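The residues making up each chain are set out below.
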Amino acid sequence: MTIETINRLWIEVCAVTDIPTRGARRISGTKRPIAIFRNGADEVFALVDLCPHKRGPLSMGIVHDRSVTCPLHGQRIDLVTGELMGADAGKGCAPSVETHIENGRVFIPADAFCA
Amino acid sequence: MSREKLVVIGNGMAGCRVVEEILKRDPDRYEIAMFGAEPRLNYNRIMLSPVLAGEKQFEDIIINGEDWYRDNRITLHTGQQVVSIDSDAKTLKTAAGLAQAYDRLVLATGSDPVVLPLPGATLQGVVAFRDIDDVDRMVAISGRGGNAVVIGGGLLGLEAAYGLSRRGMDATVVHLMDVLMERQLDHSAGHLLAEALKARGIATILGAQSEEILGQNGKVAGLKLKDGRVLPCDLLVMAVGIRPNAKLAQTAGLQINRGVMVDDAMRTSDPSIFAVGECAEHRGQCYGLVAPIWEMCRSLAETLTGVDGAYVGSTLSTRLKVSGVDVFSAGKFAGGEGCEDIVFRDAGRGVYKRIVLENGRLAGAVLFGDAVDGAWYFDLMRSQADVSEMRETLVFGQAATEGLRGLDPSSAVAAMADTAEVCGCNGVCKGVIVAEIVSKKLTSLDSVRAVTKASASCGSCTPLVERLLKLTAGDAVIEHRGSQPVCSCTDYGHGIVRKRIIEEGLQSIPAVMQALEWKTPDGCAHCRPALNYYLLCAWPGAYRDDQQSRFVNERVHANIQKDGTYSVIPRMWGGMTSARELRAIADVVDRFDIPAVKVTGGQRIDLLGVQKSQLPAVWAELNAAGMVSGHAYGKALRTVKTCVGSEWCRFGTQDSTGLGVRLERFLWGSWTPAKVKLAVSGCPRNCAEATCKDLGVICVDSGYEIHVGGAAGLHIKGTEILARVSTETAAIEMIAAVLQLYREEGHYLERIYKWMARVGLDSVVTRVVADDGQRRELFDRFVEAQSTSQEDPWADRAGGLDASEFHGLPVTLQVAAE
């Protein structure tokens, strides 16, 4: 299913409940891999699934609060901005992808598929 | 009436301790001012070694914070060097021009490190080991790895080398004498120490005279010895001794020999000026160890509060602070005229003890490899007790001696005299500790430390202090060993968290976080895996494992690699395999186009480069050939390495392979605080390398030696012998029991050797070996936990469990359809 807002085409990717709480799923079929996260407060975030440090798959990390810890070297990334946190703050960013939730379904912009 | 002005020059350990001792006796007598040349608070210099080794932080070793000075109305001048004293006018001057009058003056100016006048001594990268700045410099250089050379094989030099080696440098100790720590150790102990250091990667060169420090671009590059050898290095530490700092005393015209000369009341040649600590010389002796300095401080405090102190010099005892190397020395350790020696050696355990008797009394002792009785011997020495009656058992230690005389070893603490010293560093005796525990209702080790200082310095008497606390406060004791919090989400340490999970019946991660007032909503990547493990261990079968609190490897049961692919290692029981298994592995490699196949150090086969989505299918095929997960990815039971043993080997004494297979089949699937590796060797030639595993078995003719606490990774550590048993079944029971004890007590990510260093081998032996009932209970709990843990995680997932974990969300862009 797709929905259209002003000048924007959104593609449905899954139901919120398809993502484990404090976990993530990876979307295949996009140009760059995209990770969709769901945290303990049921907020949903999406980032390009590459850690700015050494390109680790963030979708495999441990999700806590509004952040995820990369499985490769333990870098912590802000789920809202994609920025590295803590001692590495300002040293890199996993581009964030907008999300839209409607009736418990998760949508991302169509352009995120080609970017 | 205005109070007398007491000025203390030196804000180090001695200076502060004198003031503390005075305040204890007469808090309102003096108006106190202190001058410190270092621009910081007072810290515990003897703990610099653990800071260098990365075992403690600077904050951990601060003795008195700013509030101490404020609360006691002490004026502290830091970063202020006193340059002269006018003893006639009773004033002193600082480098900045400040003048200060005194009624009484205490010199606690300490000592300076001796710098050898070698060519190149001023090169960058040549450091002493004296203060926290030196430590910072060493830590900075060690970050780049490389070689370190330490000149000086005394206490300080060895601790420096150990710290640098822990920090990843290759360390070499160059010592002028032919025995390490020759002022404390005899030849035998010195030799064992050199061997123990070698096993920890620290080389020693004895009888070596340094000739020149070589440099390159202004930086140190190597040390040239007299015999022509050149030792390349990136860091050179001089730890060749200290020299009392008596420069200031000179300006006051005081009598000086090696140090500032003092009488038994710690008074210098000027009746208003006193000296204490490393700068002082008393009856021809200068001291550099902490215990005598505390004794001087007490005498001086007595002098300054009315009664002239009567310091008569100190009996010295020394302990080396190198983890896992137990060394103690005291008194006339090398014997001499009119002395008798009692020597005990146990080559298997690497133990050497030498007790020196003089006229039926203990005159000295050297202990290597097992120094738990150091304090007891030291006590006997100082009390000058007649030991002729216990001569036969003396060398076996307190437990054996008093056990044979009808005392239960565990009641030894209760039987200690009130005047017996518990903490040598701070001179605290049993009576004081017990009195404070009772009067202040103390219930934790930390509070006992804060009030009495017992075990607050080197920490080697911690077990004794804890036993006293348990004995005195009973059930009220709060266990608080590691004061280090689990992570920044909480103030509680691992021990307390584990204890409260059990006591309060906490059954889930959110329940723990609620009850212990976690500061973050859902923890972090440090505490969540720890809590998940603690709950799993506390409530086997009942707790529902939280997959999202597991590190990815344990979630997908494979090892993530740098490119996001995974490695798969099936179990090969005891390292045995078969044509059928190998054929199945080969087929899997072909079918899934697996790019790399590697034989591991744990006697198994690793398939590298498997895509995550392929994992369930790969496992299904391996399962079909009878193979299960090797848990090579987990904080879990990994592998049991074996040699071929009596089945094939002409030296084999027992069926090591068979025992290894039995062990692995019994233990597999068990989750543990950190990874656990085992090995079984069929004879002491030890081809399976069992003495560097977490748990090892060495088969001998008479049965099985059970080894614990080895490691050969980031740190290299040989095992210790836990027990000797005569049957396979007894060996398995012993191993399962010790593993269960570790499962129940270990801090998350703490390997067995670290857990053992924390609780002490004795405590493990007491519970697992000596107490049959307790061992049986541990064994039963392990069996119970295993009853729900031996399901192959691969089979479950090949059958569809957590399927979404292994597949991405299949979304395709179909804009054209709009």
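J.: Tell me what's going on with the overall build of chain A, and back it up with residues and numbers.
T.: Regarding its fold elements, chain A presents zero helices and 11 strands. Whereas a compact globule of 115 residues would reach a radius of gyration of roughly 13 Å, chain A reaches 13 Å, a difference of no more than 12%. Expressed along its principal axes, the backbone C-alpha trace of chain A runs to roughly 40 × 25 × 20 Å. Here chain A, with 115 residues, has 51% of them falling under the buried criterion. In chain A, the proportion of contacts linking residues at least 24 apart, taken out of those at least 6 apart, comes to 41%. Within the structure as shown, chain A displays about 5100 Å² of accessible surface, and the carbon and sulfur contribution to it stands at 47%.

J.: Please provide a residue-by-residue account of the packing of aromatic side chains, values included.
T.: Any pair of aromatic rings gets described here by the distance separating the centres and the angle formed by the planes. Residues and elements named next belong to chain B. Applying the stated criterion across every chain yields a total of 13 aromatic pairs over all chains. Ring plane angle 70° and centroid distance 5.3 Å describe the contact between tyrosine 43 and phenylalanine 58, whose orientation is recorded as edge-to-face. With a gap of 15 residues between them, tyrosine 43 in strand 3 (residues 42-43) and phenylalanine 58 in the loop between helix 2 (48-52) and strand 4 (62-64) connect regions that are remote in the sequence. Residue tyrosine 43 is classed as buried on the basis of its relative accessible area of 5%. With relative accessibility at 21%, the residue phenylalanine 58 sits in the partly exposed group. Pairing phenylalanine 344 with phenylalanine 396 gives two aromatic rings, centres 5.5 Å apart and planes at 75°, and the pair type is edge-to-face. Of this pair, phenylalanine 344 sits in strand 25 (residues 339-346) while phenylalanine 396 sits in the loop between helix 10 (391-394) and helix 11 (398-404), and the two are 52 residues apart along the sequence. Grouped by ring-pair contacts, the aromatic residues Tyr533, Tyr534 and Tyr748 constitute a single cluster.

J.: Which residues make up the sheet that holds strand 9 (residues 104-107) of chain B, and what values go with them?
T.: Residue and element names in this part refer to chain B. The strand order 5-2-1-9-21 describes an open sheet built from five strands, whose pairing is parallel. Edge positions in the sheet fall to strand 5 (74-78) and strand 21 (273-275), since each of these pairs with one other strand and no more. Each adjacent strand pair in this sheet contributes to an overall mean axis angle of 15°, direction not counted. Here three bridges tie strand 9 to strand 21, and the two strands are oriented parallel to one another. Within strand 21, the position partnered with leucine 105 by the bridge is isoleucine 273. Each of strand 1 (4-9), strand 2 (30-36) and strand 5 is contacted by helix 1 (residues 13-25), which is oriented at about 170° to strand 2, the strand it contacts most. Along the sheet, helix 8 (residues 290-304) contacts strand 1, strand 2, strand 9 and strand 21; its crossing angle with strand 9, the most-contacted strand, is approximately 175°.

J.: Residue-level account of the sheet that holds strand 17 (residues 230-232) of chain B, with values.
T.: Residue and element names in this part refer to chain B. Pairing is antiparallel across the open sheet formed by three strands, whose spatial order is 15-16-17. Looking along the sheet, the strands with just one partner apiece sit at the ends: strand 15 (210-216) and strand 17. Ignoring strand direction, the axes of neighbouring strands in this sheet form an average angle of 25°.

J.: Describe the nonpolar core, listing the residues and the values that go with them.
T.: Counting residues in hydrophobic clusters, the biggest one holds 71 residues, and the most contacted among them are Ile85, Leu92, Leu105, Leu107 and Val276 of chain B. The element that contributes the greatest number of residues to this core is helix 8 of chain B, accounting for eight residues. Counting residues in each nonpolar core, the second largest holds 67 residues, with Leu47 of chain A together with Val486, Ile585 and Leu607 of chain B among its members.

J.: Talk me through the environment of aspartate 234 of chain B; I want residue IDs and the actual numbers.
T.: Residue and element names in this part refer to chain B. Note that aspartate 234 resides in the loop between strand 17 and strand 18 (235-238). Setting aside anything within four residues of it in sequence, one finds aspartate 234 in contact with Ile141, Gly145, Gly146, Asn147, Met169 and Val220. A polar contact of 2.7 Å, which involves the side chain of aspartate 234, links it to the backbone nitrogen of asparagine 147.

J.: Break down helix 4 (residues 132-142) of chain B for me, with residues and values.
T.: Residues and elements named next belong to chain B. Residues Ile132, Asp134, Val135, Met138, Ile141 and Ser142 constitute the buried set of helix 4. Against strand 3, helix 2, strand 11 (126-128), helix 5 (155-166) and strand 18 lie the buried residues of helix 4. A distance of 3.1 Å separates the backbone nitrogen of aspartate 133 from a side-chain oxygen at the start of helix 4, and that oxygen is part of aspartate 131.

J.: I'd like a description of the interface of chain A and chain B, backed by residues and values.
T.: Listed by partner, the interface residues are 29 residues for chain A and 30 residues for chain B. Taken together, chain A and chain B are joined by one salt bridge. Its salt-bridge partner being aspartate 522 of chain B, residue arginine 22 of chain A comes within 3.4 Å of it at the nearest N-O pair. One can count eight residue pairs in polar contact (both at pLDDT 80 or more) joining chain A with chain B. When contributions to the side of chain A that touches chain B are tallied by element, the ones reaching two or more residues are strand 2 (8-15), strand 3 (23-28) and strand 6 (62-64) of chain A. Residues belonging to the side of chain A that touches chain B are distributed by class as follows: 15 nonpolar, nine polar and five charged. When strand 3 of chain A meets strand 41 (residues 809-810) of chain B, the two strands line up parallel, connected through two bridges.

J.: Explain the packing of helix 23 (residues 728-745) of chain B against helix 26 (residues 772-786) of chain B to me, and be specific about the residues and the numbers.
T.: Residue and element names in this part refer to chain B. Between helix 23 and helix 26, the least distance of the axes is 8 Å, while the angle of their chain directions is 75°. Relative to helix 26, helix 23 is oriented roughly perpendicular. Contacts between helix 23 and helix 26 involve Ile732, Glu733, Met734, Ala736, Ala737, Leu739, Gln740, Leu741, Arg743 and Glu744 from the former and Arg775, Arg776, Leu778, Phe779, Arg781, Phe782 and Ala785 from the latter. Class assignment of the residues belonging to the contact of helix 23 with helix 26 gives a composition of 10 nonpolar, one polar and six charged.

J.: Go over the domain arrangement of chain B, please, and point to the residues and values.
T.: Domain boundaries assigned for chain B yield domain 1 (4-111 + 244-304), domain 2 (126-240), domain 3 (494-550) and domain 4 (635-791). Between domain 2 of chain B and domain 4 of chain B, the C-alpha centre-to-centre distance is 36 Å.

J.: Tell me about the side chain of glutamate 12 of chain A, and please be specific about residues and values.
T.: All names here are of chain A. Secondary-structure assignment places glutamate 12 in strand 2. Looking at glutamate 12, the relative accessible area reads 16%, which means it is buried. There is a polar contact of 2.5 Å between the side chain of glutamate 12 and the side chain of arginine 105.

J.: Outline unusual backbone geometry, listing residues and values.
T.: Apart from glycine, the bulk of residues carry a negative phi angle, and the bulk of peptide bonds sit in the trans form. Phi at asparagine 103 of chain A takes a positive value of approximately 50°, unusual for a residue other than glycine. Checked against the element boundaries, asparagine 103 of chain A lands in the loop between strand 10 (100-102) and strand 11 (105-109). By relative accessible area, asparagine 103 of chain A is classed as exposed at 74%. Unlike most non-glycine residues, glutamate 517 of chain B shows phi in positive territory, near 50°. Within the secondary structure, glutamate 517 of chain B sits in the loop between helix 17 (509-515) and helix 18 (527-538).

Basis of the calculations
Residues numbered from 1 in each chain as written. Chains lettered and ligands numbered in written order. Predicted model: local features only at pLDDT ≥ 70, side-chain atom pairs only at ≥ 80, totals over all residues. Heavy atoms only, no water. Helix = DSSP H or I, 4+ residues; strand = E, 2+ residues; numbered from the N terminus. Rg over C-alpha atoms; globule rule 2.2 N^0.38 Å. Buried < 20%, exposed > 50% of the residue type's maximum accessible area, 1.4 Å probe, protein only. Contact = heavy atoms within 4.5 Å. Areas by Shrake-Rupley, 256 points an atom, 1.4 Å probe, with all protein chains shown as cover. Phe/Tyr/Trp six-rings, centres within 6.5 Å; stacked < 30°, edge-to-face > 60°. Pairing = 2+ DSSP bridges. Axes fitted to C-alpha atoms, helices over the stretch in contact; angles between N-to-C directions. Core = buried A, V, L, I, M, F, W, Y, C linked by side-chain atoms within 4.5 Å. Polar contact = N/O pair within 3.5 Å; in protein donor to acceptor, adjacent residues only side chain to side chain. Salt bridge = Lys/Arg side-chain N within 4 Å of Asp/Glu carboxyl O. Nonpolar A, V, L, I, M, F, W, Y, C, P; charged D, E, K, R; others polar. Parallel < 35°, antiparallel > 145°, perpendicular 65-115°, else oblique. Domains from an automatic or database assignment.

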